[in-house]
Amino acid sequence: MKLSAVCLLLCITQVAFSQAPATCISKTAVEFDNNCYELFTTNKSWHEAKEYCSNFRAKRILAKVSSPSVLWFLNMLRSSKTQEFVWLGANDELQEGEWLWTDGTKANLTSMWFENEPNNFGGNENCLEMISNRKMNDANCFESHFFICMEVHDSNSPRPTVVNAEKANDKFEQSEKVAFTVGLSKPLDVLLKDVVVYNKVVSNVRDDYNNITGVFRCNIAGLYFFQIYGAANKGKELSLSFVKNKTKVVSLYSNTNQELSLADCKDRFHKIVFLSANSAVLLLEVGHEVFVEASNCGSLYGEEHHVINTFSGFLLKKAIKHFVSSK
């Protein structure tokens, strides 16, 4: 794919994901939905990345996407550390158009492709890369990218565990599922300190996000990950902030005042700012509220088939002991 006409800059701050629980063999892996994933920020070809993943004491493969929630998580894992594209573990080298994961299972990618992809540009794009906003592209397998590995555990045997004092005193456990993604499918003008109310609900497990008020209300105490993508309408500026209760946590800024030309867009997503993002890990108690607030008078982009402005969050670990957190 050649993206000369697409100009995005993902301005993303780094986020510290929770350290891998004892069920992950790699101490730097992150557990999600009973699997363990690890992002490697070393550039390798697709086949080099595949081999690197397999050369580990645990059975490990290039990551596969088994559900929309896993895709969402992998994109957050990627965007927490890099704006680069990353290799995932599917290819159609055996038969053009027949995409298979490295474990031999069929890859159902129909709803995940970037617009007009896959196109097998030049006749040699046979490997899967994840680009921005949870979308996929077919790429030349010899390109160099970062990559995500996934630990594979035998379902017929118990997963490895480590018992130690730190584990025994851990006040968190991964259990209850809380997750949501909402977005804008139409333009929205906002005034200073307006709460941004996203009109399109993509997912809302437990219904903790209120699409009438625009507020996420915590009903399970624990450690949460939140992320926002912000894009201003053409010729407008936009500044948004995460607010926990009444305190601003992090902000983002988007500016599309300048006229763009194709010459400005040579470096695949990295030249022109019109999409920005930010994220935060927050410790919440029951009753705490998190929402997106306008930090200026602005205008958010929205279109039915191009939902770019999004607000997402999910529970990383549930609290099993009472704790005191800052407001």
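This write-up is about the structure you can find in this document. Every chain's residues receive numbers from 1 upward, in the order its sequence appears when written. Since the coordinates come from a predicted model, pLDDT governs what is reported: local features require at least 70, and pairs of side-chain atoms require 80 or more to be given and counted, while whole-chain, interface and lining totals use all residues. Only hydrogens and water are set aside when side-chain values are computed; all heavy atoms of the structure are taken into account.

We now examine the sheet that holds strand E19 (residues 289–294). If DSSP finds at least two bridges between two strands, the strands pair. Every helix listed is a DSSP run of H or I at least four residues long, and every strand listed is a run of E at least two residues long, numbered separately from the N terminus. Read from one edge to the other, the open sheet built from five strands follows the order E13-E14-E19-E16-E17, with strand pairing classed as antiparallel. Where the open sheet ends on each side, the last strands, each with one partner, are strand E13 (209–210) and strand E17 (247–255). Across five bridges, the pairing between strand E16 (residues 237–244) and E19 is antiparallel. By the bridge assignment for E19, Val243 is matched with Phe291.

What follows concerns the state of the cysteines. Here, a disulfide means two cysteine sulfur atoms that sit within 2.5 Å of each other. Under the counting rule described, the total for this entry stands at three disulfides. The disulfide partner of Cys24 is Cys36, and the gap between their sulfur atoms is 2.0 Å. Here Cys24 and Cys36 share a disulfide; its torsion about the S-S bond, -90 degrees, makes the bridge left-handed. Highlighted residues: Cys24 in the segment before strand E1 (30–32) and Cys36 in strand E2 (residues 35–44), separated in sequence by twelve residues. Here Cys24 matches Cys36 in class, with each residue buried. Note that Cys53 is cross-linked by a disulfide to Cys149, the S-S spacing being 1.9 Å. Around the S-S axis, the bridge from Cys53 to Cys149 shows a dihedral of about -80 degrees and counts as left-handed. Only protein chains enter the accessibility calculation, which uses a 1.4 Å probe; a residue is then buried when its area is under 20% of its type maximum, exposed when over 50%, and partly exposed in between.

So, about unusual backbone geometry. Cis geometry is adopted by the peptide bond preceding Pro118, which originates at Glu117 and carries an omega value of -5 degrees. Mapped onto the elements of the fold, Pro118 is located in the loop between strand E5 (100–101) and strand E6 (127–130). The phi dihedral of Lys193 is positive, around 75 degrees, even though this residue is not glycine. Tracing the chain through its elements places Lys193 in the loop between strand E11 (188–190) and strand E12 (200–205). Classification of Lys193 by relative accessible area gives exposed; the value is 54%.

Mapped onto the secondary structure, Tyr198 falls in the loop between E11 and E12. Distance in space between the C-alpha atoms of Tyr198 and Val215 is 9.7 Å, their sequence separation being 17 residues. It only takes one pair of heavy atoms within 4.5 Å for two residues to be counted as in contact. Contact partners of Tyr198, with chain neighbours within four places excluded, come to Val182, Gly183, Leu184, Tyr209, Asn211, Ile228, Val292, Asn309, Thr310 and Phe311.

Okay, the pattern of salt bridges next. Salt bridges are defined by distance alone: a side-chain nitrogen of Lys or Arg within 4 Å of a carboxyl oxygen of Asp or Glu. For the structure shown, the criterion picks out four salt bridges. Put simply, Lys64 and Asp103 hold a salt bridge, and the shortest N to O gap is 2.8 Å. Of this pair, Lys64 sits in the loop between strand E3 (60–62) and helix H2 (68–79) while Asp103 sits in the loop between E5 and E6; the two residues are 39 residues apart in sequence, bridging distant segments of the chain. Lys64 gets classed as buried once you look at its relative accessible area, which sits at 17%. Where Arg217 meets Glu289, a salt bridge forms, and the shortest distance between an N and an O atom there is 3.3 Å. Remark: Glu289 occurs in strand E19 and Arg217 occurs in strand E14 (residues 215–217); sequence separation between them is 72 residues. For Glu289, a relative accessible area of 28% puts it in the partly exposed group.

This part is about the nonpolar core. The term nonpolar core refers to a set of buried residues drawn from Ala, Val, Leu, Ile, Met, Phe, Trp, Tyr and Cys, joined through side-chain atoms within 4.5 Å. Core analysis: the biggest nonpolar cluster contains 34 residues, and Tyr37, Leu74, Leu88, Leu128, Met136 and Ile148 have the highest contact counts within it. Of all the secondary structure elements, the ones that give two or more residues to this core are E1, E2, H2, strand E4 (86–91), E6, strand E8 (145–151), strand E15 (222–231) and strand E21 (310–319). Ranked by the residues each element gives to this core, the list is headed by H2, at seven residues. Leaving out residues up to four positions away in the same chain, Met136 has contacts with Val65, Leu71, Leu88, Met112, Trp113, Phe114, Glu117, Leu128, Glu129, Met130 and Ile131. The next biggest cluster of nonpolar side chains, apart from the first, holds 28 residues, and it includes Phe180, Ala232, Val290 and Phe311.

As for its position among the elements, Phe114 is in the loop between E5 and E6. Residue classification places Phe114 among the buried residues on the basis of a relative accessible area of 17%. The sequence separation of Phe114 and Ile131 amounts to 17 residues, and the corresponding C-alpha distance is 8.3 Å.

So, about the side chain of Asn91. One can find Asn91 in strand E4. Overall, Asn91 belongs to the buried group, its relative accessible area being 13%. Only 3.0 Å separates the side chain of Asn91 from the backbone nitrogen of Glu93, close enough to count as a polar contact. Discounting residues that sit within four places of it in the chain, Asn91 has contacts with Trp46, Glu98, Trp99, Leu100, Asn126 and Cys127. Each polar contact in these results corresponds to two N or O atoms within 3.5 Å; when the atoms are within protein, one needs to be able to donate a hydrogen and the other to accept it, and residues that are neighboring in sequence are counted only if both atoms are side-chain atoms.

Our focus in this paragraph is the packing of aromatic side chains. Only Phe, Tyr and Trp rings take part, Trp by its six-membered ring, and two of them pair if their centres are within 6.5 Å. Stacked means planes under 30 degrees apart, edge-to-face means over 60, and tilted covers everything else. Scanning the entire structure with this criterion turns up 22 aromatic pairs. When the centroid spacing of 6.0 Å and the interplanar angle of 15 degrees are considered together, the rings of Tyr224 and Phe226 count as stacked. Each member of the pair, Tyr224 as well as Phe226, is classed as buried. A centroid spacing of 5.8 Å and a plane angle of 55 degrees characterise the contact between Phe242 and Phe311, whose relative ring orientation is tilted.

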